[in-house]
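Here are the chains, one letter per residue:
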Amino acid sequence: PPQPVTPEQEANIAAARQRAFAENAREQAIASNLRDQAMKHERAAHVANVYAAQQQAIAENAKEQAVAANANQQQLAMAANAAADATNAVAEAQQQQTADATLAEEQANARTHPAA
């Protein structure tokens, strides 16, 4: 026949149950903490991805602005070259007019005062 359970055995069984319950609660707390940490990491990764996308957009915008600024610089340089060409053409025309006027004056003087 089975032996009756002694109070000491009952105490040992109750203590073992308490230890198992405490161990289970500890494992659940660890799992919950790990889930919380994983969610925090996921949120941090999402924030980092959003920030990276913003930085990429800023870089693209800066690149486009640099391209536009370079085009503007080229247009300004072309305009400056055209202005310089026009200034040179005016100067050459003035020199030619002066030379023509001088020649005409010399020819007029030669007609009115022929060499002896």
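It should be noted that the structure appears before, not after, this text.
How each quantity is defined
Residues numbered from 1 in each chain as written. Predicted model: local features only at pLDDT ≥ 70, side-chain atom pairs only at ≥ 80, totals over all residues. Heavy atoms only, no water. Helix = DSSP H or I, 4+ residues; strand = E, 2+ residues; numbered from the N terminus. Buried < 20%, exposed > 50% of the residue type's maximum accessible area, 1.4 Å probe, protein only. Areas by Shrake-Rupley, 256 points an atom, 1.4 Å probe, with all protein chains shown as cover. Lys, Arg positive; Asp, Glu negative; His and termini not counted. Charge placed at Lys NZ, Arg CZ, Asp CG, Glu CD. Salt bridge = Lys/Arg side-chain N within 4 Å of Asp/Glu carboxyl O.

Attention now goes to the overall build of the protein chain. On a plain count of helices and strands, the protein chain comes out with 1 helix and 0 strands. C-alpha atoms of the protein chain, sized along the principal axes, occupy 170 × 15 × 15 Å. Per-residue burial over the protein chain gives 0% buried out of 116 residues. Per element, the accessible surface of the protein chain, about 10300 Å² overall, is 58% carbon and sulfur. Each charge class in the protein chain was averaged separately, 8 positive and 13 negative side chains, and the resulting centres sit 22 Å apart.

The next subject is the pattern of salt bridges. Enumeration over the complete set of coordinates arrives at 1 salt bridge. Ionic pairing is found between R26 and E23, a salt bridge with its closest N-O pair at 3.5 Å. Taken together, the residues span about one helical turn, with R26 and E23 both in helix 1 (residues 7–112) at a distance of 3 residues. Accessibility expressed as a relative area gives 49% for R26, which makes it partly exposed.

Time to look at the environment of A22. Looking at where A22 falls in the secondary structure, it is placed in helix 1. For A22 and A104, which are 82 residues apart along the polypeptide, the C-alpha to C-alpha distance reads 121 Å.

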